[in-house]
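The lines below spell out each chain.
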Amino acid sequence: MLTGAGKNAKQAKKLGLVDLVIKSLGPGVKDPKTLSHDYLESCATDVARQLADGTLKKPKRTKSGIKGLSHNLPLNNKMLRNYVFKQATKEVMKKTHGLYPAPLKIIDSVKNGLESPSTGYARECENFGDLAMTDESRALQSIFFGKQACEKNHFGKPERMPQNMAVLGAGLMGAGIATVSLDKFPKVILKDVSDTALSKGEDMVRDVFQKKVKRKKMSQFDCDKLMSSLQSEVDYSNFKDVDIVIEAVFEDINLKHRIIKEVEAATPEHCIFASNTSALPISDLAKASVRPENFIGMHYFSPVDKMPLLEIITTDQTSKETTAAAVEVGLKQKKTVIVVKDGPGFYTTRVIGALMGEAFACIQEGTSPTDLDKLFVKFGWPVGGATLVDEVGIDVAYKVTKYFLEVFGERISAGDPRVIEELVESGCLGRKSGKGKCRV
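The sections below set out a description of the structure shown in this document. (Residues numbered from 1 in each chain as written. Predicted model: local features only at pLDDT ≥ 70, side-chain atom pairs only at ≥ 80, totals over all residues. Heavy atoms only, no water.)

Things to note about helix α8 (residues 172–181)
Thinking step 1. Counting buried positions along α8 gives 8 out of 10 residues, so the element sits mostly inside the fold.
Thinking step 2. Residues of α8 that are buried: G174, A175, G176, I177, A178, T179, V180 and S181.
Thinking step 3. Buried residues along α8 sit against β1 (164–168), β2 (187–191), α9 (195–214), β3 (230–233), β4 (244–247) and β6 (295–300). (Buried < 20%, exposed > 50% of the residue type's maximum accessible area, 1.4 Å probe, protein only. Helix = DSSP H or I, 4+ residues; strand = E, 2+ residues; numbered from the N terminus. Contact = heavy atoms within 4.5 Å.)

A short note on a nonpolar patch on the surface
Thinking step 1. Nonpolar side chains collect at one region of the surface, where M1, L75, V110 and L114 lie side by side and expose about 370 Å² of accessible area between them.
Thinking step 2. Among the structural elements, V110 can be located in helix α5 (residues 102–115).
Thinking step 3. A residue is classified by how much of its surface remains accessible, and V110, at 30% relative accessible area, is partly exposed. (Patch = residues over 30% accessible without salt bridge, like charges linked within 9 Å, V, L, I, M, F, W, Y side chains within 5 Å. Areas by Shrake-Rupley, 256 points an atom, 1.4 Å probe, with all protein chains shown as cover. Salt bridge = Lys/Arg side-chain N within 4 Å of Asp/Glu carboxyl O.)

Points about the packing of aromatic side chains
Thinking step 1. A full pass over the atoms with the stated rule returns 6 aromatic pairs.
Thinking step 2. Measuring from ring centre to ring centre gives 5.3 Å for F144 and F145, while their planes differ by 75°; the resulting arrangement is edge-to-face.
Thinking step 3. By relative accessible area, which is 46% here, F144 ends up partly exposed.
Thinking step 4. Look at F273 and F295: their rings are 5.3 Å apart centre to centre, the planes differ by 15°, and that puts the pair in the stacked class. (Phe/Tyr/Trp six-rings, centres within 6.5 Å; stacked < 30°, edge-to-face > 60°.)

Notes on the pattern of salt bridges
Opposite charge on two side chains lets them pair, provided their charged atoms get close.
Thinking step 1. Going through the model one piece at a time under the given rule, you end up with 17 salt bridges.
Thinking step 2. Residues D46 and R49 are paired through a salt bridge, measuring 3.2 Å at the closest nitrogen-oxygen approach. Here D46 and its partner R49 are both found in helix α2 (residues 32–53), 3 residues apart, which amounts to about one turn of the helix.
Thinking step 3. The salt bridge partner of K111 is E115, with a shortest N-O separation of 3.2 Å. Of this pair, K111 and E115 both sit in helix α5, 4 residues apart, which is roughly one turn of that helix.
Thinking step 4. Judged by its relative accessible area of 27%, K111 is partly exposed.
Thinking step 5. A relative accessible area of 35% means that E115 is categorised as partly exposed.

Regarding the packing of helix α15 (residues 369–379) against helix α16 (residues 385–392)
Thinking step 1. Between α15 and α16, the least distance of the axes is 6 Å, while the angle of their chain directions is 105°. What the angle tells us is that α15 and α16 run roughly perpendicular. Packed against α15, whose contacting residues are P369, D373 and F376, the element α16 presents G385, A386 and T387 at the interface.
Thinking step 2. For the contact of α15 with α16, the residue count by class is 3 nonpolar, 2 polar and 1 charged. (Axes fitted to C-alpha atoms, helices over the stretch in contact; angles between N-to-C directions. Parallel < 35°, antiparallel > 145°, perpendicular 65-115°, else oblique. Nonpolar A, V, L, I, M, F, W, Y, C, P; charged D, E, K, R; others polar.)

Everything listed here is a matter of geometry and, on its own, says nothing about what the molecule does.
Dropping the structure here:
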């Protein structure tokens, strides 16, 4: 209740939230989904009939033995009960820093329901009403409905939905993009300049799947099947049938221009080229393309398998078909997609760039990265500023900072960029190198 975490059917039965679980059926005279739904309806009808005529054997809801003692004792002993609620409140405050009022109201409702059953429902209604009128409630509703709006393709279904994908660059971003694409597209190619780089990229992909296997979210068979479907390449020989190429190489415009020309020479006319750049203008990158109508930006966030946002950037030459296809790819990858026009830093980098500039200024003025992270989290951010830069890459932050200073000048200057430059020169690139601002 306190976290709002969902439970699958098996977990719900173990917790006592449901009494009966059925297994889904395979294909037969009807499709599996329809057969399973009909079977569920039949079982539910049988249970309702047995409940009505009194023949239903009701499940035992009370616990006995050691488990029953540990479960019932805190409920019946005021001192232990107060200790449990005190610990629950302490844990909530530790995780939310008091920024979310709902968990505390839930604890209050449960406590009141146990100690004063006659007023339990009334207290719950009162608490719910209070929460519904809070700023936090309105903000969370706005996020919910906004996220729902971003899960629709407002550009319509593309005439040609990309089926075969290639990802350029087997680093942290490239491997992440391949990870979220492997079970969504028939063919996924991961390309880099060497077998060594590809091997590291494959290891990163495998690590994500193995963690799912460990948490029983995926079987070892499915993990091995997905890994075997990943094609690793050091050249463009198998790009003849690729429908979309997502580039995730180093933030260097000359390098990207060279790659764009190489890719377009090896791919069919309809192939979409998407750059994962975090700040370089898409319009400038598209100057190297002979098919600018097929050129678009697809800005993912690290780690790609966990961060839901995908920022799609269009130029004046990007076709509606290309935009619709890029959005559809993002939705297929289970991303929350926003579409913005090309401009310095797009939307996300421009906003976060200003914030990171101030964070670096705080560090230069004497605030330690660890303390800065604590202040960020206490304010309400999921991670601290120093940790965020480590995830993005300090080298990437340096490139973006230099570019923003050229474009915006004093408007966005904060602190001395030489601090970031010195970190990069010393090999502190963040998570990708195992060394960052918190681990210098």
